[in-house]
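Architecture at a glance
Single-letter residue listing:
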Amino acid sequence: MRVLIALAAAMLLAAPVHAQRNDPAGDDNARRIFEAIRDRIAGTGNDDNPDRPAQPSQGGVIGFEDIAPPAGASASTGAPLTDQYRKVHGVSFGGGASVHVCSANYDVRARIATACPYPQAASGQRAALHDVRAGGRAMQISFDQPVQSIAMRINPTGGQLDEEFIARATAFDENGARIAVSAFRFNWYQDALSWPTSISLRDDKTGRSFTRATIELLRVAQNNQPVRFLIDDLAYANAPEPALGRPPVAAGIADLDGPPAAGTGVIVSSPQIGPLQANLQKYPAPLRKRLDIDWDAVDADLAEQSALGIAAAAPSGRSARFVDIAELPLLLPTVAEPGSLQVFGNPDTMNAAWRHQGRDYGVYGSRLVTVIAPARGAPGVRSAITFSGTEDDLTASFSLYGASYAVTQYCRGGARADPDCYDRDRLGAVVESLAVVVGAAGRGRP
Amino acid sequence: MTDLRTISAVAAAFALAACGQEGPPRPGDAPAADEPETPAPVEEDTPPADAEDPAPPGSDDAEAPPVSPPPPAGLPAGWDSGPGNLLPGSSTVKESTGVTDPSVIVPEMVFPFAEGPAFANSQLFNPGGFGYASGQWPGPGGAENAAANFDYPWRDNFCEVRLEAKHVTDLCPGGRAHKGQDLRPKTCENAVHWLAAPESGWISHVGSISVNIMGAESGMKYKFLHVQMPVPDWVRTGAPVTQGQPFARVSNLLTASSRATTVHLHFEIHGAAEVDGRLHNGALPPYTSLVESYLDFTDARPGEIAPVAPVAADKCRIPQWP
């Protein structure tokens, strides 16, 4: 039960919210900002000093200052960045990251001998590079202890003046599930002395922690192709302990937050995540619409049902509460084997599953539609009822009360063993026997 | 039984619709859905795509700083053939085009295999497949374990030819089609490769060879067909699942008692859609959602991108029965 409650809570609160900003107003001195963050966690000892013990319950800042290329290696190749910070910070890097010295570092051939073309890093002299040619689209950062928030400065290795880039950070939980995305556009400008762009990632609304993050930089002019980039001073905050209250690094990050600089930043709020994220990906986001419900028609049918003494079967135990969160009319059976009717869904969609006379049935309903263009030569929607199926079921789909529904009868042991499962008359009788139900949220006529 | 006006109106429409459409297949009919297969001319590999780096500051020629060239990584260029780009000869229309709308139906989902690599291609029209309708749409035959089946590029086959009444769809030429995407796991080994929940949500049905999952966030319904049976005990209607959670293994089951297909997942996304201004409720094209989720998957697991050496053909048929 605890699992189900947690899942339902996650569903209601699912919207990961994160914020990031470009140049903190009036303060583009990256080093000072990160020093401020460092100050906030003073005493935790989580700087680059490997001799100090880690206190991962609070957080830390990694400045990449203590990593140097192996003796004899070319400065241009940098030093591989993998698990050097794991012992102290519990932080590992993947995806082919490396550490480079940032200074206008020219060799005898007058070529840049470092992948960091800036005179200075966000702090200190070194920064971490992710090269898409070495490690794929994203830098991978793993945390042995769950973290609640991270922040870093991010810079392209170059670009055209005012060229547009997108920075994106994605958080994953220990199961690999994506729980938060932070993304925004910014225009790069050739200020090699400061790193004005920072990105932070946290789940403001639910406070869920994460154990892995991916960082990407996308070049808008190249159809959002991932390109290589530098980060410096990775700050992280572990899940806060109650006694500590607000985690210090999160507080530091909050200092960086605020209204984004005009034209350069977007604060991502939960409803925008899907579309924005898809915008950043290879293919575009879907256009979704929420349908209007014809509540008058619902009320008329409810009244008629009542007059006839028709009532839906009772959903089993816990699933009844999903009736109450539904903001669309539910279609439920009037007869079902005892305890077999289960209802689940979210405010805009419903699913009911039950068994009757040894056969499984299901109703799926939604008031959320995706707009899609059919293939050329497709017939489009031709009739009020559409039948379709698979090896395992027959489904009738239709519109009712302004929403869209599909009723399925499942084959017992597969279609070959149960030819009746393709019987449309039988399925029609099931549709006809359904009762309309409105829960607490639906009574609010959303 | 109700005689409610609205539901009755639906029921009446139901009866009319039932009269006007072909009957469903019966035992003895031609084998259903995904059966034979067909090979497909597979595009030659192209060099891996390297995203061009921006120019360093102060440079006008956009040349990247000279970093030692690392080994190629990531997905090969051209690995994704694009939405609606069916294998030539696998469609009812000469152009072999399907739904080209690139919209990602479910940006929220994660890749439905628990391990990689995986390959979206036709099980009827790739090697080991024998086409459709007794050769009217011929397949290449051959062996299921052919390397081409377990290599890139990916191919959309949502609108691949199917003629049976149960394959009705509003979205594809001719009004009938495959309605899903075939995905092969890393190898043809049967009942080995785990499937993963695309979203947190609930098991909405367990069938004879299928598992359905309803996503709590998107509200979409995911249908997994050709699932090895029996599934783990906890996989039952109403059970909660977590995004990415392995829940069953992929198999070559065509029915509960027949292993007449190849080892592959037939993956469907069901939901409501607006098509040319009218409501559609049923299978939606999953290809671009799979592409995006695979990009995320391979980002996180770059070691699971490259095809592996083919396994012996007999491995594809073990076990013989559930």
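Please read these numbers as outputs of a predicted model, since none were measured by experiment.

About the criteria used
Residues numbered from 1 in each chain as written. Chains lettered and ligands numbered in written order. Predicted model: local features only at pLDDT ≥ 70, side-chain atom pairs only at ≥ 80, totals over all residues. Heavy atoms only, no water. Helix = DSSP H or I, 4+ residues; strand = E, 2+ residues; numbered from the N terminus. Buried < 20%, exposed > 50% of the residue type's maximum accessible area, 1.4 Å probe, protein only. Contact = heavy atoms within 4.5 Å. Areas by Shrake-Rupley, 256 points an atom, 1.4 Å probe, with all protein chains shown as cover. pLDDT = per-residue confidence, 0-100. Pairing = 2+ DSSP bridges. 1 Å grid on protein atoms, 1.4 Å probe; cavity = no way out; pocket = protein on both sides within 12 Å on 5 of 7 lines; lining within 4 Å. Points joined across faces, edges and corners; volume = space filled by probe spheres on them. Nonpolar A, V, L, I, M, F, W, Y, C, P; charged D, E, K, R; others polar. Salt bridge = Lys/Arg side-chain N within 4 Å of Asp/Glu carboxyl O. Phe/Tyr/Trp six-rings, centres within 6.5 Å; stacked < 30°, edge-to-face > 60°. Lys NZ or Arg CZ within 6 Å of the ring centre and 35° of its normal.

Okay, the overall build of chain B next. Looking only at helices and strands, chain B has two helices and 10 strands in total. Counting from the amino terminus, chain B carries its helices and strands in the arrangement α-β-β-β-β-β-β-β-β-β-β-α. In chain B, buried positions account for 63% of the 322 residues. In chain B, once contacts between residues fewer than 6 apart in sequence are set aside, the share between residues at least 24 apart is 70%. Total accessible area on chain B stands at roughly 10,600 Å², and carbon and sulfur atoms take up 56% of it.

Now for the overall build of chain A. Along the backbone of chain A there are 10 helices and 22 strands. Expressed as a percentage of its 446 residues, the buried residues of chain A come to 58%. Entry remark: accessible area of chain A is about 16,600 Å², with carbon and sulfur atoms responsible for 52%.

This paragraph deals with the confidence of the model for chain A. All names here are of chain A. Across chain A, pLDDT averages 74, with 70% of residues at or above 70. Confidence, read as mean pLDDT per element, is least for helix α1 (residues 2-12) in chain A (28) and greatest for strand β14 (residues 330-332) (97). pLDDT under 50 marks residues 1-34. Its contacts with residues more than four places away, or in other chains, come to 91 contacts. Note that pLDDT drops below 50 for residues 40-57; the model gives that stretch 49 contacts with residues more than four away or on any other chain.

This part covers the pairing of strand β5 (residues 210-215) of chain B. Residues in a regular strand point their side chains to alternate faces of the sheet. Residue and element names in this part refer to chain B. Most of β5 is tucked away, with six of its six residues classed as buried. The alternating pattern of β5 places Ser 210, Asn 212 and Met 214 on one face and Val 211, Ile 213 and Gly 215 on the opposite face, and all of these are buried. Pairing geometry for strand β4 (residues 201-206) and β5, over five bridges, is antiparallel. When the bridges of β5 are listed, Gly 201 appears paired with Gly 215. Linking two consecutive strands that pair antiparallel, namely β4 and β5, is a turn of three residues. Bridge count for β5 against strand β6 (residues 221-225) is five bridges, and the pairing is antiparallel. Along β6, the bridge assignment pairs Val 211 with Phe 224.

This brings us to empty space enclosed by the protein. Leftover empty space is mapped by rolling, across the atoms, a probe with the size of a water molecule. Summed over the entire model, instances satisfying the criterion amount to 10 cavities of 30 Å³ or more. By volume, the largest cavity amounts to about 160 Å³. Along its surface, the largest cavity is lined by 18 residues, and Thr395(A), Thr408(A), Lys221(B), Lys223(B) and His270(B) are the ones closest to its centre. Mapped onto the lining of the largest cavity, the elements with two or more residues apiece are β19 (386-390), β20 (393-400) and β21 (403-410) of chain A together with β6, β9 (265-275) and β10 (278-284) of chain B. Residue classes in the lining of the largest cavity are distributed as four nonpolar, nine polar and five charged.

All names here are of chain A. Taken as a whole, this structure holds 18 salt bridges over all chains when the rule is applied. Asp 144 is the partner of Arg 86 in a salt bridge, and the nearest nitrogen-oxygen pair spans 2.9 Å. Of this pair, Arg 86 sits in helix α3 (residues 86-89) while Asp 144 sits in strand β6 (residues 139-156), and the two are 58 residues apart along the sequence. Judged by its relative accessible area of 45%, Arg 86 is partly exposed. Note that Asp 348 is salt-bridged to Arg 290, the shortest N-O span being 2.8 Å. Of this pair, Asp 348 sits in the loop between β15 (342-346) and β16 (349-356) while Arg 290 sits in strand β13 (residues 287-290), and the two are 58 residues apart along the sequence. When its relative accessible area of 16% is taken as the criterion, Asp 348 is described as buried. One salt-bridge network, held together by shared partners, links Arg 137, Arg 168 and Glu 216.

Moving on to the environment of Leu302(A). Residues and elements named next belong to chain A. Mapped onto the secondary structure, Leu 302 falls in helix α7 (residues 295-308). Accessibility expressed as a relative area gives 27% for Leu 302, which makes it partly exposed. The residues contacting Leu 302, other than those within four sequence positions of it, are Val 436 and Val 438.

Residue and element names in this part refer to chain A. Note that Ile 385 resides in the loop between β18 (368-371) and β19. With a relative accessible area of 1%, Ile 385 lands in the buried category. Measuring from C-alpha to C-alpha, the distance between Ile 385 and Ala 406 comes to 9.5 Å, with 21 residues separating the pair along the chain.

Moving on, we get to the environment of Gly142(B). Residues and elements named next belong to chain B. Structurally, Gly 142 is set in the loop between β1 (119-120) and β2 (181-184). Judged by its relative accessible area of 59%, Gly 142 falls in the exposed class. The sequence separation of Gly 142 and Asn 126 amounts to 16 residues, and the corresponding C-alpha distance is 8.8 Å.

Looking now at the packing of aromatic side chains. Taken as a whole, this structure holds 24 aromatic pairs over all chains when the rule is applied. Relative to Tyr152(B), the ring of Trp79(B) has its centre 6.3 Å away and its plane inclined at 90°; by these criteria the two rings are edge-to-face. With Trp79(B) in the loop between α1 (5-19) and β1 and Tyr152(B) in the loop between β1 and β2, this pair connects stretches of sequence that are 73 residues apart. Exposure class is identical for Trp79(B) and Tyr152(B). Each is buried. Each ring, one from Phe111(B) and one from Tyr294(B), has its centre 4.8 Å from the other, and the planes form 50°; the classification is tilted. Of this pair, Phe111(B) sits in the loop between α1 and β1 while Tyr294(B) sits in helix α2 (residues 287-300); the two residues are 183 residues apart in sequence, bridging distant segments of the chain. The same class applies to Phe111(B) as to Tyr294(B), namely buried. Linked through ring pairs, Trp79(B), Phe111(B), Phe113(B), Phe119(B), Tyr152(B), Trp154(B), Tyr287(B), Tyr294(B) and Phe297(B) together constitute an aromatic cluster. The side chain of Arg212(A) reaches across the aromatic face of Phe172(A), ending 4.0 Å from its centre. When the ring centre of Phe150(B) is taken as reference, the NZ or CZ atom of Arg184(B) above it lies at 6.0 Å.

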